[in-house]
Amino acid sequence: MDAKNPRPKIHDVARRAGVSPATVSRVLNHTAPVRENIRARVLDSLQALGYASARSTSATFQKTVALLIPDILNPFFPEIVRGVQDEASADGSVSLLFDTNEDPQRELQLLHMLSNQSLAGIIHCGSRSTPADLNAARRKLAVPMVILNRCLRQPGIACITVDFEKATYRATRHLLDLHHTRIAYLTGPTHSETSHARQQGIETALTEVGLPLRPDWCVASFPNIDGGFQAMSALLTLPAQERPTAVIVYNDVMALGVLHAIREHHLRVPEDFSVIGVDDIAMAAHSNPPLTTIAQPKYRMGRLAMRLIRQMNEGQPPPGDGYTLMESTLIVRESTAPLTEGIGKAE
């Protein structure tokens, strides 16, 4: 730009756009959400005063969302990713996918790295970080954040989750109705809020009929197929009369490992053990036997998360207290059946 057309100052841009200099700074530096109509006025002013590149820079910021998932190999997450992408395509937005590998330290490293990027927002699935760490990261990022399957009542963070306590309560009642009284829970990550909520639902249902959830029947393991295989194998080392007859598993992927472990011990599902998973991944209906599971609206969660990012960038607060509770359904298939007479009956 030559001396006859000096670079416009923030006050010049603000005066032309009819906004404050602070608003212009937010648009230029991406330090906080700005309503779309106000952003457009600032961009028009920048362009009119000789900053034609400002629109493309801000447009890139507005249309890029980082999507963090804990395990790219878990088939639960692709449906969420598809939902995010389909919703993003409505206005030409794009998503960047990152795998945290179930590691809280890697989560924080990625969030720190993303703080140096121009983004419209962060969608974080199954975070393992502490609420304080997540809130600090969001403040540093200065963009909207949506957390899936956690409840963090923090400004600038919207949460989408399923009522897992009620879901596993219904699953446990299903097993009790099938006359199972020896019910185990394979917990997945011990620090997971969703795992604790699921365990609470199981305990509530058992307490109503005067039964405990035995500590030695709560086995923690990594939430993948190998983790399910190892956790179930540990239960199967117990004497036959000390084993559970039904198992609720942290997720469907673990449940596939559970089915394998039971077969390896020359036992059968559902004749010897009833098994319930969580998530209703696509392969759950095609496992051997087809898996009874708690469904999550995965695709709709992804679309809603992207929609919330867009709305928050336009200055609209998330609904309610920033907390959206979605429904879950118990899908009954062939991996659960009435307790066989004489196997595991309560004394």
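Residues numbered from 1 in each chain as written. Predicted model: local features only at pLDDT ≥ 70, side-chain atom pairs only at ≥ 80, totals over all residues. Heavy atoms only, no water.

Another point: the overall build of the protein. Of regular secondary structure, the protein possesses twelve helices and twelve strands. Relative to its full complement of 347 residues, the protein shows a buried share of 52%. Sequence-distant contacts, at least 24 apart, represent 71% of the contacts inside the protein between residues at least 6 apart. Per element, the accessible surface of the protein, about 15,500 Å² overall, is 53% carbon and sulfur. (Helix = DSSP H or I, 4+ residues; strand = E, 2+ residues; numbered from the N terminus. Buried < 20%, exposed > 50% of the residue type's maximum accessible area, 1.4 Å probe, protein only. Contact = heavy atoms within 4.5 Å. Areas by Shrake-Rupley, 256 points an atom, 1.4 Å probe, with all protein chains shown as cover.)

Hydrogen bonds between backbone atoms are what pair the strands of a sheet, whose relative direction is either parallel or antiparallel. Read from one edge to the other, the open sheet built from six strands follows the order 2-1-3-4-5-11, with strand pairing classed as parallel. The sheet is open, and its two borders are formed by strand 2 (94–99) and strand 11 (323–326), each paired with just one other strand. Sheet twist, expressed as the mean angle between neighbouring strand axes with direction ignored, is 15°. Bridge analysis of strand 3 (residues 121–125) against strand 4 (residues 145–148) gives four bridges, and the strand direction is parallel. Within strand 4, the position partnered with Ile 122 by the bridge is Met 145. The sheet contacts of helix 6 (residues 104–114) involve strand 1 (64–69), strand 2, strand 3 and strand 4, and relative to strand 2 the element is tilted by about 145°. (Pairing = 2+ DSSP bridges. Axes fitted to C-alpha atoms, helices over the stretch in contact; angles between N-to-C directions.)

Here we take up the packing of helix 5 (residues 77–88) against helix 12 (residues 298–313). For any two helices packed against each other, one specifies the inter-axial angle together with the distance between the axes. Between helix 5 and helix 12, the least distance of the axes is 6 Å, while the angle of their chain directions is 40°. One way to sum up the angle between helix 5 and helix 12 is to call them oblique. Of the two possible hands of crossing, helix 5 and helix 12 adopt the one that is right-handed. On helix 12, the residues touching Glu 79, Ile 80, Arg 82, Gly 83, Val 84, Asp 86, Glu 87 and Ala 88 of helix 5 are Lys 298, Tyr 299, Gly 302, Arg 303, Met 306, Arg 307 and Arg 310. For the contact of helix 5 with helix 12, the residue count by class is five nonpolar, two polar and eight charged. (Parallel < 35°, antiparallel > 145°, perpendicular 65-115°, else oblique. Left-handed = near helix turned anticlockwise from the far one by under 90°. Nonpolar A, V, L, I, M, F, W, Y, C, P; charged D, E, K, R; others polar.)

Overall, the coordinates contain 14 salt bridges when judged by the stated rule. The salt bridge partner of Glu 87 is Arg 303, with a shortest N-O separation of 3.0 Å. Of this pair, Glu 87 sits in helix 5 while Arg 303 sits in helix 12; the two residues are 216 residues apart in sequence, bridging distant segments of the chain. You can call Glu 87 buried: its relative accessible area is 7%. (Salt bridge = Lys/Arg side-chain N within 4 Å of Asp/Glu carboxyl O.)

Along the chain, the position of Thr 172 falls in helix 8 (residues 164–177). Once residues lying within four places of it in the same chain are set aside, the contact partners of Thr 172 are Ile 183, Gly 201, Ile 202, Ala 205, Leu 206 and Ile 248.

What follows covers the side chain of Asp 252. Residue position: Asp 252 is located in helix 11 (residues 252–264). One buried charged residue, Asp 252, forms no salt bridge at all, with the nearest opposite charge on Arg 333 at 6.2 Å. Contacts of Asp 252, omitting those with residues within four sequence positions, involve Gly 277, Val 278, Asp 279, Asp 280, Ile 281, Ala 284, Leu 291 and Thr 293. (Lys, Arg positive; Asp, Glu negative; His and termini not counted.)

A few words on the packing of aromatic side chains. A complete count under the given rule lists one aromatic pair for this structure. Between Phe 76 and Phe 77, the ring centres sit 5.0 Å apart and the planes meet at 85°, which makes this aromatic pair edge-to-face. Note on accessibility: Phe 76 and Phe 77 belong to one class, buried. Stacked on the ring of Phe 164, the Lys or Arg Arg 198 has its end atom at 4.1 Å from the ring centre. Its guanidinium or amino end placed over the ring of Trp 217, Arg 214 lies 4.0 Å from that ring's centre, counting from NZ or CZ. (Phe/Tyr/Trp six-rings, centres within 6.5 Å; stacked < 30°, edge-to-face > 60°. Lys NZ or Arg CZ within 6 Å of the ring centre and 35° of its normal.)

It is worth spelling out the nonpolar core at this point. Across soluble globular proteins, nonpolar side chains have a tendency to be buried as a group. Residues Ile 123, Val 146, Leu 148, Ile 160, Leu 186, Met 232 and Val 275 are the most contacted members of the largest nonpolar core, which totals 65 residues. Of all the elements, helix 11 adds the most residues to this core, at eight residues. For Leu 148, the residues in contact, after removing those within four places along its chain, are Ile 80, Ile 123, His 124, Cys 125, Gly 126, Ile 160, Met 301 and Ala 305. Grouped together as the second largest cluster of nonpolar side chains are 17 residues, Ala 66, Leu 111, Leu 119 and Leu 134 included. (Core = buried A, V, L, I, M, F, W, Y, C linked by side-chain atoms within 4.5 Å.)

This paragraph deals with the confidence of the model for the protein. Considering every residue of the protein, the mean pLDDT works out to 87; 89% of them sit at 70 or more. With pLDDT under 50 throughout, residues 52–61 is counted as low confidence; its partners more than four residues away or in other chains account for 19 contacts. (pLDDT = per-residue confidence, 0-100.)

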